Every structure is written in structure tokens, then in C-alpha cells.
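# Coordinate inspection notes
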Amino acid sequence: MVYGGKPSRGCRTCRARRIKCDEGKPTCKQCAKSKRECAGYRNEFEIVHRDQTKSTVRRMTKALSKSRSTTTSTLPSPRPSPTRQQTPDPIATLTVPLAQRAICYFASNFLYVPLGHMPHGHMDYLVPLIDCAPPDSALRSAFNACAIAALGNREKTNNVNLTNLSLREHTVALAKTHAALGNPATASSDATLATVLLLGLYESITAIKESRMLAWRSHVDGAIQIVKLRGREQMRSTKTGTLLFQAVRHQVLGRALTSGTPPPLGSDWWMDDIGDGSHLLPGAAMHRFALRASELRAEAAALLNGVTRTVENIALMQNMAHRVYLLDQEIASCLLALPPNLRFKTLCWLSYDEVGLSPRRPNNYSKLEVFPGRVDMYPDFVTARTWNTARTIRLVLASLGIRLAAWLNMPADYRTTAEYARSKAICEDTIADVISSVPYHLGWHTKQQGLFGNDTDRSGFVCGHEDAIKALPAWFLVWALTCVKNHDMATDEQRIWVKGRLRYIADHVGMKYANLVNDLELRFPSMFIRQDGTMPSADPLRAGTFKDRPDPVSATRTTVTTPRTPESMVSGGRRPSP
């Protein structure tokens, strides 16, 4: 292990105050004298692990710094103007400050490592791979492309066009990746697979037109082919291989849920190595549910595509509706079984006045940081993503249940059925839960004094400050917010607010993919019900264009939810207002 200096074993309160702690148990004398609440001590594993993580990051940064001259040598130099004095060389500018800033920005916004009690991270496989990668490797070029593009979307520089620089690195990475895939010795290596995943991330960072969505899918398909070539056994042979397999699996379920297609190779192929799932971490459990839900939705779509109403087909549809219901209940039960350290807690409730709404500005929802109502806090960003993944799956399943109810009850109005009432309640509650998680993802909680005590060890990023808005959790939000925005059960106020948050993620945080999904004008499940030809004759959607027509649900809903127990948050039930 690399020695990084003696780590502090003082209590959290003294460390936050930057004073010497006497390390008294159960509380220190410094806190007692100042009449402050002692926030306790970190465990030994957390202290040592955090210290070693910082040392690893320093080694990775040092290794990346060695390749700066190689990186910048491929970048274009500006041509001198005949009428103007020549501007400073952008390569020299990039070599010292910007290249290092881009590396640190990416590490502090995307590399999320397990710290202490957190058993999960995100893209932490890059730390050892970057440390070992040659300066002229495809992995280094792809990493540089993502880092420079992410920094360029967040910060503007006068002397250097970071967009062009990132594009140049991306082009070099594509060429080197193509060469690596053609070489049997490197085609299925960890570095090649990590490079392909980074190229997919680059499309999300820089997406400005719909073709970028197709480019992202092509990279996911390429990662799937590499995984097939490697086989699951190789993925489980090392820790890095396992993390890469899980990263590809997450991309697979994202592709399946966004495209409406079943996962390639089937869900069992991606989850067969983990047994019955009784010992799964929450993230892996949600992967299993998402893959099963995508298969179920694709199977139902095939049945609904022009099937005739026979006794046999009605029985098939009823069985399908029952399977949808059982899977939803299985997800709800899994969420209820999570231990307390993986649950969220409600920080506060904010009224219309407290979030900035007033009689003079009654509809200014798009600019609000917080939607009126509940604000939730999570143990970490990966746990928050797990909860929102579950909520997204439940929205998909509830919408599919409504679609099947419309087919089974035609020509009667499906909105009078018990299935519709149950699914509608689940959707409304789930949408409220997603919205309540948004302030945490976008850093609102870091600006609120007095809500969190003196806990300074929540962040799992390898470097950077806790009080900065991070790109990774904002990226985690995009798909969940897209589902809310496009759902029939969202109120007009919720939809306006969500669109404003997506615009903020694209323009301020720099994840341009959010702009693409924000511009899509879709509604589900009503869009699919119309496609199936099962919309009731009294169709409220006939008024106006598809974009402007009203929701096919009751407009008499409140936008501030009432307090609910954790059980009701995952079961679709509600408590009456006190």
C-alpha cells in the first residue's frame, strides 16, 4: 500500500471544525466543552480505505499527466493571422492547466468509488486500467475525449476550443479502438471494453442531435459483442472483469428500456451467474427486475400487435396482465426488505412560498430548484439510482397494465376499471417519489445549513469538494425524469418542472443528452393505447394536436403529496392528509 500520511481518527465534528480532537469515547471533551453534539468516529476500515483511495487517485493522475505531451501533440495548432498578432499556442495552454483540470474534473464528477459502508461504486474500474494503460492507448484517448468534453460543457475558455479538442481525441480513440478490435490479442481485453464504454459516455456528454442516440446504441452493441467474446467466466475471474460486466449489463438494461426491445441474449444470460438472487445487492436486484420487465413488455407488445379477440387470446392477455402485476409486487417487496442504511429519508417539506412561488409568479415552475412538497435524502448516489431504477420499472409495468386493461375491457372505458385505479395510484405516487429525489441528485442539499449535522464522509467521488454539483448523479436522473415527463399521470406543473430540470442538466451540468430527450413529445400509456386501437369512443385526446392535447386522466390532482410511510411509497397506497 502507498503511505499517504497519518489519517485523522478524530470525531467528525472536530474534523469539520479543523481542531485537534482528544478522541475520547463515547464523546470527545472538545464537543462537550463547546456544547456541540459529537457526531462520532469513522471506523478503522473506512479510514484506511479512504486514505488508500486518495493514493490510488494520485497515482492515476500522475500516470495521466505523463501522457499530456502525447495527447496534446495530436491537437491542431492555430494558424497565424496576417492582420492580427498571433494568439498564444493552445497546446501550451492545454498542457499545463487545462489538461490537468479536465482529468481532475472527470475524476471528481464521474469516478465514484466504494467508501466505508458503501458496497458499490461507478466506473471505479477505470482507476487501475488508466494506471496501467500506455500513453498512446485507445483507453487514454477515450478518457481524454470524455474529460475534455465534460469540462468544455461546464466551463468556457478564451484561448482553446475544448469542443474541437475533445472531438480530435474522440476520433483518435475510434481509430485505435477499431485497430484493437481487429487484433485477437486485444479485442476482448479489459482496456478495450472500458474504451467502448467511455465512447458511449462521450455520446451522452456531447449529444446535440438524434444521431447521437444511435451512436450510443452502437457502442452498447459493441460492448455486448465483446462480452460475448469474453464469456461470463472471464468476467468473473477478476474484480475489474466483474465491474466491467456489471457496467455493460447496466447499459444493456438502459438500451432495452429505452427501445422497448428485449435484452439481447435474454435476461437469464446476464443474471444466471448470481443464483436465485436472494443475496443480491439492491443494484443487481434492480438489474434483474429491469431485464425481466423489458422482456415482459416486448412479449406483451407482440401479443397486442393485431391479435384477434378469441377466447384463447383473451386468456393469454389475462395471464400477461397477472404476470405484470406479480412482477410489480415483487419489486415492491424487494424495496420494503432493504435495510435502513439503504433507505432514503425525508429531509423537509417545502410549501409554495418556500420554493419561490407567489401569486405574482404562479406558473414559474421551470426555474425552481425544488418542486413544492417532499425533499428526500439518500445514503449515496448509487443507492438513489437504484431506487429510481425501481420506480422507472414500476412506471413501465403500471403503464403496461393499463394498456392490457384497455384491450381486455374494450369497447368499455378502461378508466373505469379497478386495474386502472390501482395503476394510476402507483404512477402518481412513483412520480412524486422521483421528483422528491431530484434536489439530492442536483446538489440542493449541499447548500442547506443545519440539515445534515457534521457528517463529512458522504461523498464517494475520488476527489473534489462535496458542495459542488456533480455530473454523474445528474446523468443518473435523465432517464427517470424522461419517464416522468412523458407519462400521462404527471400533472402539467410536474411536467413543466421536470422539463426545466432536464434543461438545467444539459445547459448547466453539461450532459447534453438531456436536451435530446427533453425535446421528445411523447405520452404513455395513451400513445400505445391509441396505437392498439383500444381507446374508448369518448376520447379526450381528440382535441388539438398530439402535443397540445390534454391528459387522459383526471386533472383534479394536487401537486403537493401528503406524508406517506415507506411502505406506502412502494406499494401505491396513500395515507389521508392529517
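For clarity, every value in this text was computed on a predicted model and none was experimentally measured. (Residues numbered from 1 in each chain as written. Predicted model: local features only at pLDDT ≥ 70, side-chain atom pairs only at ≥ 80, totals over all residues. Heavy atoms only, no water.)

## Topic: the overall build of the chain
When helices and strands are tallied, the chain shows 22 helices and two strands. Taking contacts inside the chain between residues at least 6 apart in sequence as the whole, the part at least 24 apart equals 73%. Carbon and sulfur atoms form 54% of the exposed surface of the chain, whose accessible area is close to 26,400 Å². (Helix = DSSP H or I, 4+ residues; strand = E, 2+ residues; numbered from the N terminus. Contact = heavy atoms within 4.5 Å. Areas by Shrake-Rupley, 256 points an atom, 1.4 Å probe, with all protein chains shown as cover.)

## Examining the nonpolar core
In terms of nonpolar packing, the biggest core is built from 140 residues, with Phe 106, Phe 110, Tyr 125, Leu 126, Leu 198 and Leu 201 touching the most fellow members. Residue contributions to this core peak at 14 residues, all from helix α16 (residues 381-409). Among all residues touching Phe 110, those that are not within four sequence positions of it are His 122, Met 123, Ala 150, Leu 201, Ile 205, Phe 461, Ala 471, Leu 472 and Met 511. (Core = buried A, V, L, I, M, F, W, Y, C linked by side-chain atoms within 4.5 Å. Buried < 20%, exposed > 50% of the residue type's maximum accessible area, 1.4 Å probe, protein only.)

## With respect to the packing of helix α14 (residues 311-336) against α16
At a minimum axis distance of 10 Å, the contact between α14 and α16 shows a crossing angle of 160 degrees. By the angle between their directions, the pair α14 and α16 is classed as roughly antiparallel. Considering how the two elements wind past one another, α14 and α16 form a crossing that is left-handed. Residue-level contacts link Asn 313, Ile 314, Met 317, Gln 318, Met 320, Ala 321, Val 324, Leu 327, Asp 328, Ile 331, Ala 332 and Leu 335 of α14 to Trp 387, Ala 390, Ile 393, Arg 394, Leu 397, Leu 400, Gly 401, Leu 404, Trp 407 and Leu 408 of α16. When grouped by side-chain class, the residues that make up the contact of α14 with α16 number 17 nonpolar, three polar and two charged. (Axes fitted to C-alpha atoms, helices over the stretch in contact; angles between N-to-C directions. Parallel < 35°, antiparallel > 145°, perpendicular 65-115°, else oblique. Left-handed = near helix turned anticlockwise from the far one by under 90°. Nonpolar A, V, L, I, M, F, W, Y, C, P; charged D, E, K, R; others polar.)

## What to know about the packing of aromatic side chains
Under the definition given, this model contains 13 aromatic pairs. Taken together, a centroid distance of 4.9 Å and an interplanar angle of 65 degrees make the contact between Phe 106 and Phe 143 edge-to-face. With Phe 106 in helix α5 (residues 90-110) and Phe 143 in helix α7 (residues 138-154), the pair connects residues that are 37 residues apart, well separated along the chain. The exposure class assigned to Phe 106 is buried, which follows from its relative accessible area of 0%. The exposure class assigned to Phe 143 is buried, which follows from its relative accessible area of 0%. Here the aromatic residues Tyr 112, Phe 344, Tyr 378, Phe 381, Trp 387 and Tyr 440 are joined through ring pairs into a cluster of three or more. The ring of Tyr 504 carries the charged tip of Arg 501 above its face, separated from the ring centre by 4.6 Å. (Phe/Tyr/Trp six-rings, centres within 6.5 Å; stacked < 30°, edge-to-face > 60°. Lys NZ or Arg CZ within 6 Å of the ring centre and 35° of its normal.)

## A few points about the UniProt feature "domain: Zn(2)-C6 fungal-type" (unreviewed entry) in the chain
Following the UniProt record, the feature "domain: Zn(2)-C6 fungal-type" (unreviewed entry) maps to residues 10-38 here. Helix makes up 38% of residues 10-38 and strand 0%, with an end-to-end C-alpha separation of 11 Å. (UniProt positions renumbered as here; feature names shortened; annotations may be inferred.)

## Some details on the pattern of salt bridges
Any two side chains of opposite charge can pair if their charged atoms end up close together. Here the structure, examined in full by the defined rule, presents 13 salt bridges. Here Arg 255 and Asp 221 are joined by a salt bridge, their closest N and O atoms 3.0 Å apart. A residue pair is termed long-range when its members are at least 10 positions apart, and Arg 255 in helix α11 (residues 239-259) and Asp 221 in helix α10 (residues 211-235) qualify at 34 residues. With a relative accessible area of 30%, Asp 221 lands in the partly exposed category. The residue Asp 328 makes a salt bridge to Arg 394 at a minimum N-O spacing of 2.8 Å. A residue pair is termed long-range when its members are at least 10 positions apart, and Asp 328 in helix α14 and Arg 394 in helix α16 qualify at 66 residues. The residues Asp 328 and Arg 394 share a single accessibility class, namely buried. When salt bridges that share partners are traced, they join Asp 328, Arg 394, Glu 419 and Arg 422 into one network. (Salt bridge = Lys/Arg side-chain N within 4 Å of Asp/Glu carboxyl O.)

## Things to note about the confidence of the model for the chain
When pLDDT is averaged along the chain, the result is 75; 73% of the residues meet or exceed 70. Here helix α4 (residues 68-73) stands out as the element of the chain with the lowest mean pLDDT, 41, in contrast to helix α17 (residues 418-441), whose mean of 92 is the highest. Here residues 1-5 is modelled with pLDDT under 50, and outside its nearest four sequence neighbours on either side it reaches nine contacts, counting other chains as well. Counting contacts from residues 571-578, a segment whose pLDDT is below 50, to residues more than four positions away or on other chains yields 19 contacts. (pLDDT = per-residue confidence, 0-100.)

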